[in-house]
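# A look at the structure
The residues making up each chain are set out below.
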Amino acid sequence: MAQLNDHFLDLKENYLFKEISRQVNEYVSAHPDCKLIKMGIGDVTQPLAPAVVTAMEKAAAEMGKKETFRGYEDSGQGYDFLREAVKGYYAKRGVELDCEEIFISDGAKSDSGNINDIFSEENTVLVTDPAYPVYVDSNTMGGKKILYADSTPENGFAAMPPEFPADLIYLCSPNNPTGSVYTKEQLEKWVEYALKNKAVIIFDAAYEAFITDPALPHSIFEIEGAKDCAIEISSLSKTAGFTGTRCGYTVIPSQLTFTASDGTAYSVRKIWARRQGSKFNGVSYPVQRAAEAVFTEEGLAQCRQTIKGYLDNAAIMAETFTKLGIEFTGGLNSPYIWFRCPNNMDSWAFFRKLLEEAEVVGTPGAGFGKNGEGWFRMTAFGSRENTAEAMQRLEKMLTT
Ligand SMILES: *Cc1c(COP(=O)(O)O)cnc(C)c1O
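A quick note: this is a predicted structure, and the numbers were derived from the prediction, not measured.

Okay, the overall build of the protein next. Of the regular secondary structure elements, the protein holds twelve helices and 15 strands. Its C-alpha atoms give the protein a radius of gyration of 22 Å, within 12% of the compact-globule value 21 Å for 400 residues. Expressed along its principal axes, the backbone C-alpha trace of the protein runs to roughly 65 × 55 × 55 Å. In the protein, the share of contacts with a sequence separation of at least 24, taken over all contacts with a separation of at least 6, comes to 70%. With an accessible surface of roughly 18,400 Å², the protein has 51% of that area assigned to carbon and sulfur atoms.

Right, dumping it as structure tokens:
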């Protein structure tokens with residue numbers, strides 16, 4: 001008799017975005033002429049860079065000719081040309097990698113969810129709260145015990161290591177949903193904690209391209225000792241608008257080992273390669289060529305231009321919140337603004353008020369964890385006009 005994996009029953013209902021769309025649809029049906037501005041979903045809106053499209057078209061044409069057609073990729077870990085490009089991107093920041101340490105993926109969501117496959121069910125998992133829901137959901141499916149490190153107004157919504165130990169640690173910087181970014185000193189504390197506990201940090205760097213402050217680290221591997229305790233997962237989704245194109249990369253240092261129950265140390269990289277070899281067959285060739293183009297000088301310049309547009313939106317938002325005297329994090333080095341709901345409203349009550357009185361949609365902080373209650377997330381991924389208009393409506397709503 002086929003039986004369900006009971007761990008799937010431990011998952012919480014995927015309530016947040018379902019409930020948002022339910023309430024939005026209800027409002028739109030009752031107000032068919034409304035002019036909604038959506039600042040809730042974390043998806044990009046700007047098209048792919050021209051350099052990326054050209055590369056993808058060229059690769060698609062190669063696939064149509066006998067001489068240049070490609071089938072299965074040999075390694076399944078990504079073509080050398082793309083791994084070299086990723087390696088070069090890291091090298092610019094002084095992080096030296098070997099190509100075999102780089103795994104090309106179809107995005108950061110799948111790898112950040114799948115990576116727990118290779119760790120024991122006995123391991124405890126530390127997640128910062130609030131957090132991107134994938135970390136909790138995937139480890140719940142994996143039957144692991146989840147512990148929380150609190151991100152609060154007191155620490156600028158950038159949780160620091162707790163007193164208790166943990167085995168796997170998920171960090172995301174710049175953070176979704178709070179927009180906070182760890183400094184070098186803060187990441188040094190996390191690396192120290194991981195080394196002390198023989199733990200592994202899974203560092204989600206999906207928003208690293210939004211960092212403009214030269215003092216802030218883009219990669220955990222900018223921190224000394226991190227190659228002995230960290231895996232980095234990143235993606236071109238937010239860097240280059242690949243949310244619908246799908247490509248990311250995961251870095252596992254060769255020197256990173258973990259101990260099996262037999263007491264022997266094994267290479268994490270080799271185990272992950274083995275796992276991917278069995279459960280993943282690589283990213284399509286045209287997409288890998290498109291990703292390669294992101295890392296060219298031309299591609300990087302074009303992507304930077306788009307990101308600047310989003311960051312300018314974030315600056316407009318930050319300016320409005322500052323003017324209104326609303327406490328917030330993010331807005332700098334991040335496409336997210338995370339703010340305290342005015343007048344101590346709970347986050348769903350504020351969601352409702354903003355929808356009904358300003359016709360602006362955001363995301364209630366409570367959906368990202370217990371510390372998100374009373375807080376709210378807005379994204380800078382919209383158009384300039386909509387962002388400015390939404391801020392005007394918000395200001396009007398709160399001052400009249
Ligand atoms: C958007 C996002 C990603 C990227 O996911 P993809 O699967 O690469 O599209 C990863 N982590 C966080 C926290 C994100 O918000």
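Okay, the pattern of salt bridges next. Two side chains of opposite charge can pair, provided their charged atoms sit close to one another. Per the counting criterion, the structure on display carries 16 salt bridges. Across the pair R22 and E19 runs a salt bridge whose closest N-O atoms are separated by 2.9 Å. Residue R22 and its partner E19 are located together in helix α1 (residues 16-30), separated by three residues, close to a single helical turn. With a closest N to O distance of 3.2 Å, R22 and E26 form a salt bridge. Linking R22 with E26, this pair stays in helix α1, spanning four residues, or about one helical turn.

Turning to its location among the elements, S105 is positioned in strand β2 (residues 102-105). When its relative accessible area of 1% is taken as the criterion, S105 is described as buried.

The next subject is helix α5 (residues 134-141). Where α5 is concerned, the buried positions are V134, Y135, S138, N139 and T140. Positive phi appears at G143, one or two residues downstream of α5, with a value of about 75 degrees.

Right, let's get into the packing of aromatic side chains. The description of an aromatic ring pair uses the distance of the two centres, along with the angle that the planes make with each other. All told, the structure shown has 26 aromatic pairs when counted by the stated rule. Three or more aromatic residues joined by ring pairs form one cluster here, namely Y207, F210, Y310, Y336 and F381. Here the guanidinium or amino end of R70 rests over the ring plane of Y79, the centre of that ring lying 5.1 Å away. Sitting over the ring of Y89, R93 keeps its end group 5.0 Å from the ring centre.

The next point concerns a negative patch on the surface. A grouping of E185, E188, E192 and E224 is seen on the molecular surface, where their side chains present a negatively charged patch. Of note, E224 is situated in the loop between β6 (200-204) and β7 (230-235).

To continue, consider the domain arrangement of the protein. In terms of domains, the protein is made up of domain 1 (14-43 + 298-399) and domain 2 (50-296). Between the C-alpha centres of domain 1 and domain 2 there is a distance of 27 Å. Across the boundary between the two partners, domain 1 contributes 28 residues, which contact 35 residues of domain 2. Buried area between domain 1 and domain 2, summed over both chains or domains, comes out near 2,500 Å², and the portion from carbon and sulfur atoms is 60%. Linking domain 1 with domain 2 are one salt bridge. The salt bridge partner of D150 is K370, with a shortest N-O separation of 3.0 Å. Summed over the shared surface of domain 1 and domain 2, the result is 16 residue pairs in polar contact (both at pLDDT 80 or more). Ranked by the residues each element gives to the side of domain 1 that touches domain 2, the list is headed by helix α10 (residues 297-324), at eight residues. Partitioning the side of domain 1 that touches domain 2 into residue classes produces twelve nonpolar, ten polar and six charged.

A cluster of nonpolar side chains, L4, F8, L9 and M141, forms an exposed patch at the surface whose accessible area comes to about 390 Å². By relative accessible area, which is 38% here, F8 ends up partly exposed.

The rules behind each value
- Residues numbered from 1 in each chain as written.
- Predicted model: local features only at pLDDT ≥ 70, side-chain atom pairs only at ≥ 80, totals over all residues.
- Heavy atoms only, no water.
- Helix = DSSP H or I, 4+ residues; strand = E, 2+ residues; numbered from the N terminus.
- Rg over C-alpha atoms; globule rule 2.2 N^0.38 Å.
- Contact = heavy atoms within 4.5 Å.
- Areas by Shrake-Rupley, 256 points an atom, 1.4 Å probe, with all protein chains shown as cover.
- Salt bridge = Lys/Arg side-chain N within 4 Å of Asp/Glu carboxyl O.
- Buried < 20%, exposed > 50% of the residue type's maximum accessible area, 1.4 Å probe, protein only.
- Phe/Tyr/Trp six-rings, centres within 6.5 Å; stacked < 30°, edge-to-face > 60°.
- Lys NZ or Arg CZ within 6 Å of the ring centre and 35° of its normal.
- Patch = residues over 30% accessible without salt bridge, like charges linked within 9 Å, V, L, I, M, F, W, Y side chains within 5 Å.
- Lys, Arg positive; Asp, Glu negative; His and termini not counted.
- Charge placed at Lys NZ, Arg CZ, Asp CG, Glu CD.
- Domains from an automatic or database assignment.
- Buried area = accessible area lost by both parts, 1.4 Å probe.
- Polar contact = N/O pair within 3.5 Å; in protein donor to acceptor, adjacent residues only side chain to side chain.
- Nonpolar A, V, L, I, M, F, W, Y, C, P; charged D, E, K, R; others polar.

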